Amino acid sequence: GPLLERMTRAPRVYDQSAATRLRDALVAADGELATLINTNSEAAQLIAGIGGASPYLSSLMTRDPTRLVHLLRSPPEAVVKDAIENVRALGESADEADVMARMRRAKDDCHLGLALADIAGAMELRAITRALSDFADASVSAALSSLAAIEVGRGRLRAEGRDGYGPVPGYFVIAMGKLGSQELNFSSDIDLVVFFDRERLAEFALKDVSREAIRLTQSLARVLEERTPEGYVARVDLRLRPDPGATAPAIATEPALRYYEALGQNWERSAYVKARVIAGDVEAGERFLHDLSPFVWRRSLDFAALEDLKSLMHQIRTVGERMPGHDVKRGRGGIRELEFYVQAQQLIYGGREPGLRRRAPLDGLGALISAGHVEPEVGDVLRSSYAALREVEHRLQMIEDQQTHAVPADDKARDRVAALSGFEDLAAFDAHLAEVFGRVTGATSDFFADHDAPENRVLIDVVGDDAEASIDGLNALGFKEPAVVADAVRAWRAGRIRATRNDRARRLLVRTLPNLLEAMSQTGSADFAFARFRAFFEKLPSGVQLLSLFASEPKLLASVIAILANSPRLGAELARQPEVIDVMLDPRFAAPLLEDEGGGLMPVTPLSAPDAPFEDAINNLRRMGHEAAFRIGAQVLLGRANARSAGAAFADLADAALEGAAVAAASEIERRHGKIDGEFSVIGLGKLGGRELSAKSDLDIMLVYRSRPDDAMSEGERSAAAGTYYSRLTQRLIAALAAQTEEGSLYEIDMQLRPSGSKGPLAVRLSAFERYYN
């Protein structure tokens, strides 16, 4: 029967002045509508409640008041049927502008009629979400058909022989998410994934096949979501395709199947539970989903997959705990938690029990109950809770046509939702929500209990299929550019960088990601910390070793993030030499730098062996020197050492490096020129002499030697006089410390404090030294 005759409830008037303005505008606009409002109390009450709470629905009413009479006096199902038929008829048109305008007007009819029916209690929730989905299906299909007609007219697509293959043979559109399960909200995005069978499309595409598929997909999204004076049809999200950061909006089926086989992740398995072909070449689409079935529905669920599902469970629970106020989708005890409770069990058992493979959560819940996996009493609680949460979700979206799920924390804003939902006051609404959230949490707690470990207190959904949840969760952690972070992490999870090419690295990433993001948030500049870590991580040839360390040593992870975020020099050292992190595992790493007044650094001398080849000796010198310098810098940065102890430790390191360099240089000169009767000493001046070096101090040194006699010659075949011998030794000493090799350099060396300044021999004879100062 007509909507008004089936009305079982009415909204409370939230804003009387807004309600009066809407009533006056409608009465003045149409005489038949004025009569209906003045003589039918149900119509007047329904319009007043909507006018007082929903600017969006009010605008739809005033846009075409004559339409409102028809909607109120017709069965809602008939309104939806007419809107769908009007849209389907558009697929024969090659006039894009006309198609877009008429499709938007049909959308207004459909959505306003269903909103009225929902608020008035004239249709069941399941019928409303199914009708919204049916209209979206028809819109996508009609838009594609119209675009195909345009492509035929432009000579890009062959018209002959397309019968049975859809408007574009080989090209098909798969609906995911709520559209896939036919449970669309009033303001949902529609999640679409587009694929094409290259061979079949090539028979009909008269230009480049991939380019044609991409052009069609971009045009399809534009026709649906572009805002015109008539509004829009639906916001389109194409990000559920394989590796969206690196792939085109339309993907050939063969590489897509290879991707899922080699790199597919468990959140993608979860997403494909709801997948449904809605437009294009249906036969090709169904064949693709059939080929993908072994990826989604595994006969046996391996340990790694179970761990991944546990991780997703943690994320849903703990993201919900962090959401401010009530969030009917992502909050604790919300829709997402309920849906995953069903979906995780479908994935666990569905490979062996095909009867569990249902797209809609309530259908999946019923199948789980029938199979004995869920108690009937739990099922009853979840069914009623799901309906209650979805109704509140609809009211939230009806107010301003926004894709929101968050009940406002502000009392006045929340009371608007309560009024549109028909609650007599805010207290009743709040009590209702608290009861529903509590019921869901109680019903699902046993399933989640084993996985709610304290160490997983902060988890963000950046690996799942809900982009909005990713953004909200990262915002809660203090990230200013959450989309950048979410996209980068998804790329890591997809194996697009060397560090995460293998499956083990990706599993370890999922395990360490929560602590990683939390550590970044605690630096005070989460985005900067992420950028530093990203630059470091994406240069690694393999991430398994690092991620394994992070997984087993959370404190190490926090220290590394603090270093990357707060010290450009140490961060660059880590990026250049990631193995330095191994030093942080040494128990001596966190020990006090100075054990007593004259104490010193952890043992680093000698830094080179006397018999080692010179190149090996100086590379070893640099490696150990960098590790020790990193330790000192990290101690200061992490607040474990002050400037005085760090200055002395840097001086100790310089002493050890000079000793090692001197040993290496003397060995090399002796090998080349033989032994000489004499000795030398390296003297430190400036900050080195005062034992107050900083991380980037250069070394002020001079080398003083004594030979017997003063004009002594070395014993080798390439004999050298003492002055030449020790000058060349000094050159080697400088090279050992300052020359660039694959291990970098250790210090800048300044020899200008010797008696001759920047001129004269590098090595100073002791007798000349004494004469100068005397």
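Residues numbered from 1 in each chain as written. Predicted model: local features only at pLDDT ≥ 70, side-chain atom pairs only at ≥ 80, totals over all residues. Heavy atoms only, no water.

S.K.: How would you sum up the overall build of the protein chain? Please name residues and give values.
M.R.: When you go through the protein chain residue by residue, the secondary structure sums to 33 helices and 11 strands. Across the 774 residues in the protein chain, those meeting the buried criterion constitute 55%. Contacts spanning at least 24 positions in sequence make up 74% of the contacts within the protein chain whose residues lie at least 6 apart. For the protein chain, the accessible surface area stands at approximately 31,900 Å², while carbon and sulfur atoms represent 49% of it. (Helix = DSSP H or I, 4+ residues; strand = E, 2+ residues; numbered from the N terminus. Buried < 20%, exposed > 50% of the residue type's maximum accessible area, 1.4 Å probe, protein only. Contact = heavy atoms within 4.5 Å. Areas by Shrake-Rupley, 256 points an atom, 1.4 Å probe, with all protein chains shown as cover.)

S.K.: Tell me about the environment of Arg6, residues and numbers included.
M.R.: With respect to the helices and strands, the residue Arg6 is situated in the segment before α1 (16-29). Judged by its relative accessible area of 23%, Arg6 is partly exposed. Sequence-distant contacts of Arg6, defined by excluding residues within four places in its chain, comprise Gly1, Pro75, Pro76, Glu77, Ala120, Gly121, Ala122 and Met123. Here the side chain of Arg6 touches Gly1 through a polar contact of 3.1 Å, landing on its backbone oxygen. (Polar contact = N/O pair within 3.5 Å; in protein donor to acceptor, adjacent residues only side chain to side chain.)

S.K.: How would you summarise unusual backbone geometry if you had to cite specific residues and measurements?
M.R.: Here Arg708 and Pro709 are connected by a cis peptide whose omega angle stands at -10°. The residue Pro709 is located in the loop between β9 (699-707) and α32 (722-738) in this model. One non-glycine residue, Gln182, adopts positive backbone phi at about 60°. Residue Gln182 is classed as buried on the basis of its relative accessible area, which comes to 18%. One non-glycine residue, Arg691, lies in the positive phi region at around 55°. Residue placement: Arg691 occurs in the loop between α31 (686-689) and β9.

S.K.: I'd love a proper account of the environment of Val173, names of residues and values included.
M.R.: With respect to the helices and strands, Val173 occurs in strand β1 (residues 171-176). In this structure the C-alpha to C-alpha distance between Val173 and Thr217, which are 44 residues apart in sequence, comes to 9.1 Å. Not counting residues up to four positions away in its chain, the partners in contact with Val173 are Val140, Leu144, Leu192, Val193, Val194, Leu220, Arg276, Val277, Ile278 and Ala279.

S.K.: So, the nonpolar core: which residues are in play, and what are the values?
M.R.: One finds Leu72, Leu116, Tyr171, Val173, Ile190 and Leu192 to be the most contacted residues of the largest nonpolar core, which totals 119 residues. Counting residues per element, this core draws most heavily on helix α8 (residues 125-153), at 13 residues. (Core = buried A, V, L, I, M, F, W, Y, C linked by side-chain atoms within 4.5 Å.)

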